[in-house]
Amino acid sequence: MHDGLAVVRLGVDVPYEQAWELQRWVHGKRVAGELPDTVLILEHAPVYTAGKRTAPHERPADGTPVIDVDRGGRITWHGPGQLVGYPIIGIDDPTAYVRRLEDAMIQVCSDFGVTARRSPRHGGVWAAGDTTLGLPDRQLGAVGIRVQRGVTMHGFALNCANDPRWFNRIVPCGIPGVGVSSLSAETGRRIVADEVMPIMEKRLAEWLGVEAYELHEEDLLRR
């Protein structure tokens, strides 16, 4: 079995339930030692998902459907223009792992000329606001994971060219009073997820300390 990180590109407009089912299947195989460390990379069809700590007032007030999932964190949106990654890998330290995911996103932002950082109060990756101008911090990327039997599920989302208005119906990640941005909004040029994907794959492998290689979905399913 290959010792590196298998990268499986699932495409665009992937229904959330479909990707979640595949995650669970890969997770079971990885726990059993039948698959290598794997990351699923994709763009979802529009969907709101709520982690276990989501409060009722954070959900859409207009009754828009939300999928409740078994990850940490609170409510968020996934959809076109946002790059999502689901690493399914063995780890020893969840806190260090989350920091590596954040570090990978910070590096990718830098690769595209955007200065990003962690927030001392919140998880994820942020562009700094300006209090003198009344501008809030702006969230560029989020992390929400689950670790079961030493193997991760769920992962990260980085805003590339998505419409920020999707976040207006919710309290993103349960954090009121902050903005949501994207690489496109921060740079003033359109940066699509396809452009970011190979850079993200490279940086993710670097921060996890492994070599990445591409694996087609059909080859994954045959294992």
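Computed from a predicted model, the values in this text were never measured in an experiment.

## What about the nonpolar core?
Link 1 in the chain: Ranked by internal contacts, the top residues of the largest apolar core, which has 31 residues, are Leu83, Cys109, Leu158, Leu183 and Val196.
Link 2 in the chain: Counting residues per element, the ones that place at least two in this core are β1 (5-14), β2 (38-44), α2 (94-111), β7 (125-127), β8 (138-148), β9 (151-159) and α4 (193-208).
Link 3 in the chain: Per-element accounting of this core gives the leading share, seven residues, to α2.
Link 4 in the chain: Those residues in contact with Val196 that lie beyond four places of it in its chain are Leu83, Val108, Phe112, Leu158, Cys160, Leu183 and Ile191.
Link 5 in the chain: Among the nonpolar cores identified, the runner-up in size contains 24 residues, and Trp20, Leu22, Val84 and Leu215 belong to it.

## Notes on the sheet that holds strand β3 (residues 47-50)
Link 1 in the chain: The sheet built from three strands is open, its strands ordered β4-β3-β5 with mixed pairing. This sheet does not close on itself; its edge strands, each paired only once, are β4 (67-68) and β5 (75-78).
Link 2 in the chain: Pairing of β3 with β4, which is carried by two bridges, proceeds in the parallel orientation. What sits directly across from Ala50, in β4, is Asp68.

## Observations concerning the pairing of β1
Link 1 in the chain: Both β1 and strand β11 (residues 212-214) contribute to a ladder of three bridges, which runs parallel. In the strand pairing of β11, Ala6 is matched with Tyr213.
Link 2 in the chain: Inspection of the sheet shows β1 paired to β2 by six bridges, in the parallel sense. Note on β2: the bridge partner recorded for Ala6 is Thr38.
Link 3 in the chain: A crossover connection joins β1 to the parallel β2 through helix α1 (residues 16-31); in handedness this β-α-β unit is right-handed.

## Looking at the pattern of salt bridges
Link 1 in the chain: Tallying each qualifying case throughout the model produces 15 salt bridges.
Link 2 in the chain: Among the ionic pairs, Asp68 bridges to Arg59, the shortest N-O distance being 2.6 Å.
Link 3 in the chain: Among the salt bridges present, the one from Asp219 reaches Arg222, with a minimum N-O distance of 2.2 Å.
Link 4 in the chain: For Arg222, a relative accessible area of 62% translates into the label exposed.
Link 5 in the chain: Salt bridges sharing partners connect three or more residues here, namely Glu102, Asp103 and Arg118.

## Thoughts on the packing of aromatic side chains
Link 1 in the chain: Inspection of the entire model under this criterion finds three aromatic pairs.
Link 2 in the chain: Between Trp77 and Trp166, the ring centres sit 5.4 Å apart and the planes meet at 20°, which makes this aromatic pair stacked. Taken together, the residues span a long stretch of sequence, with Trp77 in strand β5 and Trp166 in the loop between β9 and β10 (179-180) at a distance of 89 residues.
Link 3 in the chain: Relative to Phe167, the ring of Trp77 lies with its centre 5.6 Å away and its plane at 70°, an arrangement referred to as edge-to-face. Of the two residues, Trp77 sits in strand β5 while Phe167 sits in the loop between β9 and β10, which places them 90 residues apart along the sequence.
Link 4 in the chain: Judged by relative accessible area, which is 0%, Trp77 ranks as buried.
Link 5 in the chain: Residue classification places Phe167 among the buried residues on the basis of a relative accessible area of 6%.
Link 6 in the chain: Among the aromatic residues, those joined into a ring-pair cluster are Trp77, Trp166 and Phe167.

## Regarding the environment of Pro87
Link 1 in the chain: Along the chain, the position of Pro87 falls in strand β6 (residues 82-88).
Link 2 in the chain: Not counting the four nearest positions on each side in its chain, Pro87 is found in contact with Thr38, Val39, Tyr97, Leu101, Thr152, Met153, His154, Gly155, Phe156 and Leu204.

## Details of the packing of α2 against α4
Link 1 in the chain: Two elements in contact, α2 and α4, have axes separated by 9 Å at closest approach and are oriented at 140°. Between α2 and α4, the angle is such that the two are oblique. Where α2 crosses over α4, the handedness of that crossing is right-handed. Side by side, α2 and α4 meet where Tyr97, Arg100, Leu101, Asp103, Ala104, Met105, Gln107, Val108 and Asp111 of the first sit next to Val196, Ile199, Met200, Arg203, Leu204, Trp207 and Leu208 of the second.
Link 2 in the chain: Its residues placed into classes, the contact of α2 with α4 shows eleven nonpolar, one polar and four charged.

Rules and cut-offs
- Residues numbered from 1 in each chain as written.
- Predicted model: local features only at pLDDT ≥ 70, side-chain atom pairs only at ≥ 80, totals over all residues.
- Heavy atoms only, no water.
- Core = buried A, V, L, I, M, F, W, Y, C linked by side-chain atoms within 4.5 Å.
- Buried < 20%, exposed > 50% of the residue type's maximum accessible area, 1.4 Å probe, protein only.
- Helix = DSSP H or I, 4+ residues; strand = E, 2+ residues; numbered from the N terminus.
- Contact = heavy atoms within 4.5 Å.
- Pairing = 2+ DSSP bridges.
- Right-handed = clockwise from strand over helix to strand, strands pointing away.
- Salt bridge = Lys/Arg side-chain N within 4 Å of Asp/Glu carboxyl O.
- Phe/Tyr/Trp six-rings, centres within 6.5 Å; stacked < 30°, edge-to-face > 60°.
- Axes fitted to C-alpha atoms, helices over the stretch in contact; angles between N-to-C directions.
- Parallel < 35°, antiparallel > 145°, perpendicular 65-115°, else oblique.
- Left-handed = near helix turned anticlockwise from the far one by under 90°.
- Nonpolar A, V, L, I, M, F, W, Y, C, P; charged D, E, K, R; others polar.

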